[in-house]
Amino acid sequence: MEIRNKKASRDYFIGETFEAGIVLTGTEIKSLRSGGAQISDAFVRVENGEAFMYQAHISEYDFGNYANHSPTRPRKLLLHKREILKLKSATESGGTSIIPLKIYLKKSLAKVLIALCVGKKLYDKREDIRKREAQMSIKRAMGRGMSFSRNIGRK
C-alpha cells in the first residue's frame, strides 16, 4: 500500500528527503490500509519544535462509529530533533516548502516521505514536458526499429 503525491514532481524541484512517522488514530490507520487517502494538496509546517502535516485527506473509516476521525485534521510527524531543526532553518530562509511525497506502511507502521522542495516556474514545467515527449518519441522509434529487425529474414 502506497499513496503518492503525483503533483509534487510536476510542481516542485525535490531536494533532500526525510522519512517520518505519523501519529494516527485507530480508524485512520484502518482507512489508510484500505487505500483511502490523498496527499496531493498536503504540506508540512514546523511549529514549536514539532512538525505537522496539513491538508492530508484520510477518508473516514467505513465501519467506524461515533469515534471516527476528521478527514483533514493536522497530523503530527515524528522526526529527530536535528531533522526538525534542519527543516525549520530551510523554510525560514525562504523559497522552500516541505511537501509529503508518499505515505506507505513499513513493518506495520505508517510512514511519510517528506522533502524540501522549491517551486517550479512555468518555463521549468514546459521544459520537463519537452523532455518527456522526446523520451517517448525515442521509445516509440526504438520499438518500431526492434519489431522491424525481428521480421527481417522471415518468410
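Everything discussed here concerns the structure shown above.
In every chain, residue numbers begin from 1 and rise along the written sequence. The model is predicted, so local features are restricted to residues of pLDDT at least 70 and side-chain atom pairs to those at 80 or more, both for listing and for counting; the totals for chains, interfaces and linings are taken over all residues. Note: side-chain values were computed over all heavy atoms of the structure, leaving out hydrogens and water.

(A) Quick peek at the packing of aromatic side chains. Two rings from Phe, Tyr or Trp (for Trp, the six-membered ring) form a pair when their centres are within 6.5 Å of each other. A pair whose planes differ by under 30 degrees is stacked, one over 60 is edge-to-face, and the rest are tilted. In this structure the tally under the stated criterion is 1 aromatic pair. The interplanar angle of 20° and the centroid separation of 5.6 Å between the aromatic rings of F43 and Y54 together place this pair among those described as stacked. Here F43 is found in strand β4 (residues 43-47), whereas its partner Y54 is found in strand β5 (residues 50-54), with 11 residues between them in sequence. By relative accessible area, F43 is classed as partly exposed at 26%. For R45, the ring lying beneath its charged end belongs to Y54, and the centroid distance is 5.5 Å. Geometry around F13 places K120 over its ring, the cationic atom sitting 5.3 Å from the centre. Where helices and strands are cited, they refer to DSSP runs of H or I of at least four residues and of E of at least two residues respectively, numbered from the N terminus. Each residue gets one of three labels from its accessible area relative to the maximum for its type: buried under 20%, exposed over 50%, partly exposed in between, using a 1.4 Å probe on protein chains only. Consider the ring centre and the ring normal. A charge sits over the ring if Lys NZ or Arg CZ is within 6 Å of that centre and within 35 degrees of that normal.

(B) Representation of the environment of R33 within the structure. Considering the arrangement of structural elements, one finds R33 in helix α2 (residues 26-33). We classify R33 as partly exposed; its relative accessible area is 43%. The spacing of R33 and E2 is 31 residues in sequence and 9.0 Å in space, taken between C-alpha atoms. With residues near it in sequence (within four places) discarded, R33 still touches M1, L105 and S108. Identification of polar contacts relies on pairs of N or O atoms within 3.5 Å, with a donor-acceptor requirement for protein atoms, meaning one able to donate a hydrogen and the other able to accept it, and with residues adjacent in sequence counted only if both atoms are side-chain atoms. Within polar-contact distance, the side chain of R33 engages the backbone oxygen of S108 at 3.4 Å. In what follows, residue pairs with any heavy atoms lying within 4.5 Å of each other are defined as contacts.

(C) Spotlight on the nonpolar core. Side-chain atoms within 4.5 Å link the members of a nonpolar core, which is a set of buried Ala, Val, Leu, Ile, Met, Phe, Trp, Tyr and Cys residues. With 26 residues, the main nonpolar core has M53, L77 and I114 as its most contacted residues. Sorting the residues of this core by element identifies β2 (12-22), α2, β4, β5, α3 (81-92), β8 (96-106) and β9 (109-119) as the ones contributing at least two each. Of the residues forming this core, the biggest block, 4 residues, is contributed by β9. The residues contacting I114, other than those within four sequence positions of it, are E16, T17, F18, V44, L77, L79, L87, I98, I99, P100 and L101. Listed in part, the 7 residues of the second largest apolar core include A8, I99, Y104 and A115.

(D) Focus on the pattern of salt bridges. Any carboxyl oxygen of Asp or Glu within 4 Å of a side-chain nitrogen of Lys or Arg constitutes a salt bridge here. Counted by the stated rule, this structure contains 12 salt bridges. A salt bridge links D41 to K7; its shortest N-O distance comes to 3.4 Å. With D41 in the loop between β3 (37-38) and β4 and K7 in helix α1 (residues 6-11), this pair connects stretches of sequence that are 34 residues apart. Note on D41: relative accessible area 46%, which makes it partly exposed. Across the pair D128 and K120 runs a salt bridge, and its minimum N-O distance is 2.2 Å. With a relative accessible area of 26%, D128 lands in the partly exposed category.

(E) Expanded view of the pairing of β2. Strand direction decides the pairing type here: β2 and β9, joined by 8 bridges, are antiparallel. What sits directly across from Y12, in β9, is G119. Where β2 and strand β7 (residues 75-78) come together, 2 bridges link them in antiparallel fashion. Looking across to β7, one finds that I22 is bridged to L77. A pair of strands is treated as paired once DSSP finds two or more bridges between them.

(F) Quick look at the environment of F13. Note that F13 resides in strand β2. Among the residues examined, F13 registers a relative accessible area of 42% and is labelled partly exposed. In this structure the C-alpha to C-alpha distance between F13 and K121, which are 108 residues apart in sequence, comes to 10.0 Å. What F13 contacts, discounting residues up to four positions off in sequence, is L116, C117, V118, G119, K120 and D124.

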